[in-house]
Amino acid sequence: MYKIAYLENKIKESLASLGYDTPSVTINPSSRPELGDYQYNGIMPLAKKYQQNPIELANSLVSLINEYPEISESNVAGPGFINLKFSDAFLIDFMNESNKDININYNQDINKTIFLDYGGPNVAKILHVGHLRSANIGEALKRLCETIGCTTISDVHLGDWGRPMGMVILEIKTRYPDLPYFKDNYHGEEVAFNLTNDDLLELYPIATTKAKEDAKIMEEARQINYELQNKHPGYYALWQKIVEASLKEIKEIYEDLNVSFDLWEGESDNFQYMDEMFDYLYSKNIIEESEGAKVITVREENDKIEIPPLILVKSNGAVSYEATDLAALWERTHKYNPDEIWYMTDKRQVLHFTQVFRASTKSGITNPDLKLVFNGFGTMNGPDGKPFKTRDGGTMPLKNLVSMVTQECLKRLNENITENREKIAKDIAIAAIKYADLLPYRTTDYNFDIEKFTDLNGKTGTYLLYSTIRMKSLLNKSQELNIKEYNLTTINTDIERKIILAMLDLKRIIKRSYENCSLNEICEYLYKITSYYNNFYADNHILTEENKEIQTSRLTLTKIIYDNNCKLLNILGINIPEKM
Ligand code: ARG
């Protein structure tokens, strides 16, 4: 059993033996470490419930706690706070258990099936810096959920459907009217038409501008889109080619970012369920007509702000983004039946998801015990705090950002490394980007600062990689010492104790990260425990330590911190290069 839970239970039993019944006891790291390692703050409410003097109650509990072998000292502070200082034996035991199985610090006995919707790139459009956080946060949350014991299903949710597709096809048709796709006798044969992602990036803005500026072109694009959605053979085959060209590049970038998905579904897949869903919604009598549009009312009595009706079909006949997300919910519950569905997009989409979630529950597309969660995130801005742009004022492609940071890391890479310099620099760059991206609380905006994010001596991914690789190299060297069994038997310095206490607190950090759907605490924690370890490393002998018991204990400590760093970096989606 996890040590803290064990102690909490023991305190609960002691309270029961004194005649006080409490549903659960929680102890937490002390806010004043000079007074104790942990504290229990439950006495005051308990004393109130039993109409007792809190100090007296606390004193009787403390006299029992002081008999525990796990506790070296316990006392009462202020109006009835209880301070707890752990015995070395307790901490040593905990470390040896962690050494046997590091997972005891992660598992949370939560075994839900969680469906995660993140990434959200759009076909034929640039994958830009605005997509970075969805990929990073989504991927890390997925890994976190799996680590604590959940089953996950991840879906990239491509924006691959809708009028822009009609516009792009029209632009291709205008340029290459003789392509077989546009002939009446076309029936799906392979066409030797080479279309790259770069072609699409050039086409897309032109196609959309033309349509916006000319009503006739817009009407034509609408018609093409309509036929595409009804599987016109030529448009459909060309559309598949467009998706394929886009996906090739999108997949490469996600691979660079260590981001992966179980499902590569898109809005086009959800669209197949549209008719079925509309039939259902009509049968529920929930669709209203409003100014030519089809809507669902989603306002609720206690709303503090006005929540407008969800528009399913616009007055011009176009099926909305909201309807697509409802169809996605229809598909996801029918196919996968998860316990929760999480969405990771820019926090500015909050109204959209509020409307969708409400319409979904209200109409019964999803039942009320399916938890729909919107994990909106803040914006990454450019170094000046304004939207991140390229030098010529365009949107910054994600690919360019990665290569910019890679160049910076390459510049700083140790000259002694002669092989795989590019690959190592890229690993470091990804670590720098991801750590900086996951460090602020999820909803907080931040500014991109390449110097700061890649600084070897800062709160950075670079620092964490460097330190972790150094731990590994120390462990490798220790193999020459022929230590039979890694075991921790003694704690010799305050800093070692501090590291162990930090380790003991991990499970709580993991739980909070899961509850907040944010990685910031894990990032802060990694920095804290790594800096403690580095202080320890700087001030103490390990490989040259003469006392074998101390040496083995310190190596065991190193091994646990190393394993833990690897695991946490992995949750963040960060790879550790061999050297740097
Ligand atoms: N493609 C959308 C965008 O670029 C994001 C999709 C988010 N997911 C969703 N289920 N709506 O804004």
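The structure we're discussing is the one just above.
Residues numbered from 1 in each chain as written. Predicted model: local features only at pLDDT ≥ 70, side-chain atom pairs only at ≥ 80, totals over all residues. Heavy atoms only, no water.

Enquirer: What exactly am I supposed to notice about the environment of I307 here?
Expert: Secondary-structure assignment places I307 in the loop between β8 (293–296) and β9 (310–313). Once residues within four sequence positions are removed from consideration, I307 is found in contact with V298, R299, L351, T354, Q355 and R358. (Helix = DSSP H or I, 4+ residues; strand = E, 2+ residues; numbered from the N terminus. Contact = heavy atoms within 4.5 Å.)

Enquirer: So what exactly am I meant to see when it comes to the pattern of salt bridges here?
Expert: For side chains of opposite charge, pairing can occur when their charged atoms come near one another. Summed over all chains, the structure comprises 39 salt bridges. Its salt-bridge partner being K559, residue D563 comes within 3.8 Å of it at the nearest N-O pair. In this pair, D563 and K559 both sit in helix α21 (residues 548–571), four residues apart, roughly one turn of the helix. Assessed through its relative accessible area of 26%, K559 is described here as partly exposed. Each of E171, R175, E202 and K210 takes part in one network of salt bridges that share partners. (Salt bridge = Lys/Arg side-chain N within 4 Å of Asp/Glu carboxyl O. Buried < 20%, exposed > 50% of the residue type's maximum accessible area, 1.4 Å probe, protein only.)

Enquirer: How should the environment of D21 be read in this particular structure?
Expert: Within the secondary structure, D21 sits in the loop between α1 (3–17) and β1 (27–29). Taking the C-alpha atoms as reference points, D21 and L91, 70 residues apart in sequence, are found 28 Å from one another. Residues in contact with D21, not counting those within four places in the same chain, are L46, K49 and Y50.

Enquirer: Any chance you could explain the sheet that holds strand β11 (residues 371–374) here in plain terms?
Expert: By definition, the strands of a sheet pair up through backbone hydrogen bonds, in either a parallel or an antiparallel sense. Taken in spatial order, the four strands of this open sheet run β6-β5-β10-β11, and their pairing is parallel. Each having just a single partner strand, β6 (151–155) and β11 make up the two edges of the open sheet. Across the sheet, the mean angle separating the axes of adjacent strands is 20° when strand polarity is ignored. Pairing between strand β5 (residues 113–117) and strand β10 (residues 340–343): four bridges, direction parallel. Counterpart to F115 in the pairing with β10 is I341. Strands in contact with helix α13 (residues 350–363) are β10 and β11; relative to β11, the strand with the most contacts, it is inclined by about 175°. (Pairing = 2+ DSSP bridges. Axes fitted to C-alpha atoms, helices over the stretch in contact; angles between N-to-C directions.)

Enquirer: In this structure, what is going on with the pairing of β11? I would like to understand it.
Expert: On any regular strand, side chains alternate: one points to one face of the sheet, the next to the other face. Two elements, β10 and β11, share four bridges in a ladder whose sense is parallel. Each residue of the ladder has a partner; that of Y343, found in β11, is F374. Handedness of the β10-α13-β11 crossover: right-handed. (Right-handed = clockwise from strand over helix to strand, strands pointing away.)

Enquirer: Would you mind showing me how to read the site of the ligand here?
Expert: In the vicinity of the ligand, the contacting residues are D117, G120, N122, H157, Y321, D325, Y343, T345, Q349 and F353. Y321 has a polar side-chain atom sitting 2.8 Å from a nitrogen atom of the ligand. Within the side chain of Q349, one N or O atom sits 3.1 Å away from an oxygen atom of the ligand. Protein burial of the ligand: of its 350 Å² of free accessible surface, 85% is covered by the chains. (Near = heavy atom within 4 Å. Polar contact = N/O pair within 3.5 Å; in protein donor to acceptor, adjacent residues only side chain to side chain. Areas by Shrake-Rupley, 256 points an atom, 1.4 Å probe, with all protein chains shown as cover.)

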